[in-house]
Structures are given as C-alpha cells and as structure tokens.
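Understanding the architecture of this molecule
The chain contents come next:
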Amino acid sequence: MKMTGKAFSRKLFGAKYERLPRTFLVDLIVFWGLYIAGFRVQVAPSVRILMISAFTAGVMWQALSSKDTAAELRHMLMLPYDRREFVFSYVAALGAYAVLTKAGLLLAVLLAVSAWEPMEVLGMTICMIHAVLVAAAVYSLRKYWLVAGLWAAVMAAVILLFGSEPWLVPLLFVNGLFAVLVLGRADGYDFYRWESGKSHVIRQRKNASLWRYFFRYLGCHKNYLLNTAVMWCVAVVLPYFLGEIDGLSVLPVGFAVLSLNTPVCILLSCDHDLEQAVRFLPGQKKAFCIPYCLFLFLCNMAADVIFLCSWQIQRGGVTAMMAAGAVFFALQSAVLSVLLEWFYPIRGWKIESDLWHHPRKYVVPAVMLLLAGAVSARLALLPGLLCLLAVEAVVLYAGAYR
C-alpha cells in the first residue's frame with residue numbers, strides 16, 4: 001500500500017512533494033491576511049459544513065474523472081496488485097490532493113472571516129474526509145447510477161436541512177464508515193473511465209467545421225456540460241439575490257458573475273494536441289481564434305439571456321439598454337478569455353482539476369466586475385468601454401492572422 005500510494009502521490013504533489021509546502025504557505029498567507037484585515041462575516045455552521053462538503057466532494061469527483069488520472073490508473077492496473085490495497089491507496093492519494101491543495105484554501109478563508117470553536121474545526125475536518133470517501137464510493141458505483149445518485153442526494157439534503165444539529169457530524173462519521181465498506185468491495189477497474197472511442201480532433205479539410213469540434217469536445221467531457229448547466233441555474237436564481245439591492249445598476253454585476261464558466265475557457269490549456277495543431281499547422285490561427293471567441297460569446301450570451309428572462313419574471317423592467325449590456329459583457333468576456341488562453345495558457349498542471357481551480361480563472365471575472373462597477377457608477381463610460389472592446393477585437397484578429 002505504501003508503494004502504490006507513493007506512486008500516485010508523486011504524480012499529484014511532485015517527485016519530492018514540493019507542491020505541499022507552497023500550498024501550505026499560500027493557505028497561511030490567505031488566512032493571516034484576511035484575519036488581520038478584520039473582515040468578518042456571520043456564517044452559520046450548516047452553511048460552513050455544506051460549503052466544505054460540497055466543494056471537497058466536487059474536487060474529488062473531478063480528480064476521479066480526470067483524463068490524466070485515467071491514463072495513470074490504466075498503467076498501474078497493468079501490474080499485479082492487491083485489490084483493497086490498490087483502492088484505498090488510490091482514494092487516499094486523490095483525497096489528500098482534494099483536501100490539502102483545494103479544500104484547505106476554502107477552510108482557511110472560512111476560519112479567517114467567521115467565528116469558530118476548536119470543535120467546529122474538528123467537525124469540518126470530518127466533513128472533508130466524509131466528502132472524499134462518499135465521492136469515491138459513489139464514483140465506484142457509477143454502473144448503479146440510480147442507487148449512487150440517491151445516496152448522494154440524500155446526504156446533500158441531510159446536510160442542507162440539518163446542518164446545525166449536533167448529531168450531524170456523528171452521522172457523517174458513520175456514513176463515512178459505510179463508504180469505507182463500499183470501497184472495500186470495490187476494484188481498481190471500478191475507478192477506470194473507459195473511453196467511448198469518440199474523436200474530437202480537428203480534421204485538416206478546407207470545409208472542416210470547428211463548431212463540430214467544440215460540440216464533440218463537450219460531448220466527450222460531460223462535466224463541462226454539467227458546469228454550464230450549473231451556471232444556467234445560477235442565472236435563474238441570481239435576480240432574487242441581486243433584486244434586494246435597489247436600482248437596476250446591479251445587472252452588470254450579474255453579467256460579470258455569469259462569466260465564471262471556467263471549463264469552456266481552457267481548451268488550449270487542457271488539450272496539448274489541439275494547442276500544437278493550432279500553433280504550428282498553417283492556417284489554424286485564423287481557423288481557431290475567431291470561431292472560439294464566437295463560441296464563448298454564445299455560451300456567455302445563453303446564460304445572460306436566462307438571467308434577463310429571470311429578471312423580467314421576478315423584477316420586471318428589462319430594457320433594450322440592458323440587453324445591449326448583456327451583449328457587451330458576453331462579448332468582452334469572450335474576447336478576454338481567448339486572448340488570455342492564446343498568450344498565457346496554463347502550463348505544468350498535474351490533473352484537470354488544477355485547471356478548473358487555477359487562480360487564472362478569476363482574472364476575467366475580476367475584470368468584468370471592475371467594468372460592472374464602472375458601468376454601474378457612470379453609464380457615460382459605456383462608449384469608452386465599447387472602444388476598448390473594439391481595440392481588443394483588433395488585437396485578437398491581428399494575433400489570429402499573424
């Protein structure tokens with residue numbers, strides 16, 4: 001078990017585990033910076049438990065379903081192995097990755113901005129371990145998707161409804177033990193993601209459709225479609241929260257929030273073969289950058305349209321100027337995302353979850369929030385922002401045809 005766990009851990013944390021000290025240092029800096037700033041938010045224990053559990057389980061699921069993890073797993077399964085030793089080593093390595101490198105930062109933020117007791121820290125630690133075990137157990141039961149989905153839904157409902165009850169943490173502990181029993185009956189092949197054989201490679205034909213590539217790529221990555229569906233759900237409920245703020249100037253903030261759709265904005269970073277084809281084959285720059293920008297624009301615009309429709313139903317008063325603002329923010333976000341992906345792709349990542357949670361994902365939404373604040377403060381800035389968008393479009397066009 002020690003050798004198997006070391007093989008997976010070095011894949012995730014580096015040959016000499018050099019990633020862990022950097023991660024702990026970042027967590028410490030974030031915690032201390034927020035703590036000494038004196039910024040405090042009242043966060044109910046149920047909300048903390050739900051946030052930390054959902055985030056940890058989501059990261060664990062992404063790690064389990066990662067294409068790079070599947071390749072590493074396939075190579076390990078070719079060797080003789082003990083079934084239980086292999087399963088628990090694999091789950092322990094991915095669980096340590098999810099807790100230490102991802103959920104640890106969220107825990108640092110929660111501890112820095114809210115009041116807590118030492119026993120609550122122990123409870124949140126149990127919640128993270130529980131989320132890792134349940135996510136792995138549910139993933140191993142994918143072929144029994146109805147039972148696995150029901151189990152996950154029931155636990156999410158229990159945490160949401162009874163998060164403040166003192167018996168919740170012992171219940172999660174017992175459920176975690178049940179997940180251990182499920183994993184004890186699992187096999188290494190239960191975690192292997194079999195390829196469907198579909199190809200999303202760009203074909204070198206004059207009339208080849210890059211749009212077919214985009215949709216094939218989404219079809220081969222169902223989690224990308226799930227993330228897009230989640231953003232659409234956020235677009236439905238967002239007017240309820242923003243509607244509590246008087247004035248229609250908060251609409252640009254909604255458009256900025258809905259630009260946080262990371263998976264569709266990292267096509268070059270996550271697909272090395274595509275990046276090589278686009279950068280080195282003749283004619284691929286103009287064939288890729290412009291359609292990719294339009295694709296991102298349509299993805300952003302779909303969420304913005306849902307947001308405006310929901311705003312009209314809940315609040316009313318949607319005007320042509322608001323629709324024009326949606327078009328502007330959707331196109332601005334698409335242009336910035338393509339420029340960032342073209343000039344500054346993400347390198348040196350271990351598995352796809354690193355791409356989803358890379359700090360670069362917040363650059364475009366942060367810029368959008370700043371623009372939203374400017375538009376909300378002074379609508380006279382809109383012509384200047386349109387000029388900025390035109391300049392960015394020229395840069396994108398020139399870079400594609402260079």
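No experiment lies behind these values; they were computed from the predicted model shown. (Residues numbered from 1 in each chain as written. Predicted model: local features only at pLDDT ≥ 70, side-chain atom pairs only at ≥ 80, totals over all residues. Heavy atoms only, no water.)

Quick look at the overall build of the protein chain
The secondary structure content of the protein chain amounts to 18 helices and zero strands. Sorting the 402 residues of the protein chain into buried and exposed places 46% on the buried side. The contacts in the protein chain between residues at least 6 apart in sequence include a share of 83% that link residues at least 24 apart. Roughly 20800 Å² of accessible area belongs to the protein chain as shown, and the carbon and sulfur atoms make up 71% of that amount. (Helix = DSSP H or I, 4+ residues; strand = E, 2+ residues; numbered from the N terminus. Buried < 20%, exposed > 50% of the residue type's maximum accessible area, 1.4 Å probe, protein only. Contact = heavy atoms within 4.5 Å. Areas by Shrake-Rupley, 256 points an atom, 1.4 Å probe, with all protein chains shown as cover.)

Focus: the packing of aromatic side chains
Taken as a whole and judged by the stated rule, the model has nine aromatic pairs. Taking 6.0 Å as the distance between ring centres and 25 degrees as the angle between the ring planes, the aromatic pair formed by Trp 32 and Tyr 35 counts as stacked. Remark: Tyr 35 and Trp 32 occur in helix H2 (residues 19–37); sequence separation between them is three residues, near one turn of the helix. The class of Trp 32 is partly exposed, set by a relative accessible area of 49%. (Phe/Tyr/Trp six-rings, centres within 6.5 Å; stacked < 30°, edge-to-face > 60°.)

Observations regarding the packing of helix H5 (residues 83–113) against helix H6 (residues 118–140)
Look at H5 against H6: their axes get within 10 Å of each other, and the N-to-C directions meet at 140 degrees. As summarised for this structure, H5 and H6 are arranged oblique, according to the angle between their axes. Between H5 and H6 lies a crossing whose hand is right-handed. Of the residues in H6, those touching H5 at Val 91, Gly 95, Val 99, Ala 103, Leu 107 and Leu 111 are Val 121, Met 124, Met 128, Val 132 and Ala 136. For the contact of H5 with H6, a count of residues per class yields 10 nonpolar, one polar and no charged. (Axes fitted to C-alpha atoms, helices over the stretch in contact; angles between N-to-C directions. Parallel < 35°, antiparallel > 145°, perpendicular 65-115°, else oblique. Left-handed = near helix turned anticlockwise from the far one by under 90°. Nonpolar A, V, L, I, M, F, W, Y, C, P; charged D, E, K, R; others polar.)

Concerning H5
Helix length check: H5, at 31 residues, gives a terminal C-alpha distance of 43 Å against a target of 45 Å (1.5 Å per residue), a fit within 8%. Along its length, H5 reaches its greatest deviation from straightness, about 50 degrees, at Ala 103. Of all 31 residues that make up H5, 22 are buried, and the element is covered over most of its length. (Expected span 1.5 Å × (residues − 1). Bend = angle between axes of the 7 residues up to and from the residue.)

Some points on the packing of H6 against helix H7 (residues 145–161)
Between H6 and H7, the shortest axis-to-axis distance is 9 Å and the interhelical angle comes to 160 degrees. As judged from the angle between their axes, H6 and H7 are roughly antiparallel. In the crossing of H6 with H7, the sense of the turn from one axis to the other is left-handed. Here H6 contributes His 130, Val 134, Ala 137 and Val 138 to the contact with H7, which in turn contributes Ala 148, Trp 151, Ala 152 and Met 155. Class assignment for the residues of the contact of H6 with H7 results in seven nonpolar, one polar and no charged.

Structural notes on the state of the cysteines
Across all of its chains, the model carries zero disulfides by this definition. The thiol of Cys 299 is unpaired, and the distance to the nearest cysteine sulfur, on Cys 265, comes to 8.1 Å. (Disulfide = S-S within 2.5 Å.)

Here's the deal with the nonpolar core
By size, the foremost hydrophobic cluster in this structure holds 55 residues, and its most contacted members are Phe 214, Phe 288, Tyr 292, Phe 295, Leu 296 and Phe 307. If you list the elements that add at least two residues to this core, you get helix H9 (210–220), helix H10 (222–242), helix H11 (251–257), helix H12 (267–270), helix H13 (272–280), helix H14 (284–314), helix H15 (320–343) and helix H17 (363–377). At 13 residues, the largest contribution of residues to this core is made by H14. Sequence-distant contacts of Tyr 292, defined by excluding residues within four places in its chain, comprise Phe 214, Val 264, Cys 265, Ile 266, Leu 267 and Val 338. (Core = buried A, V, L, I, M, F, W, Y, C linked by side-chain atoms within 4.5 Å.)

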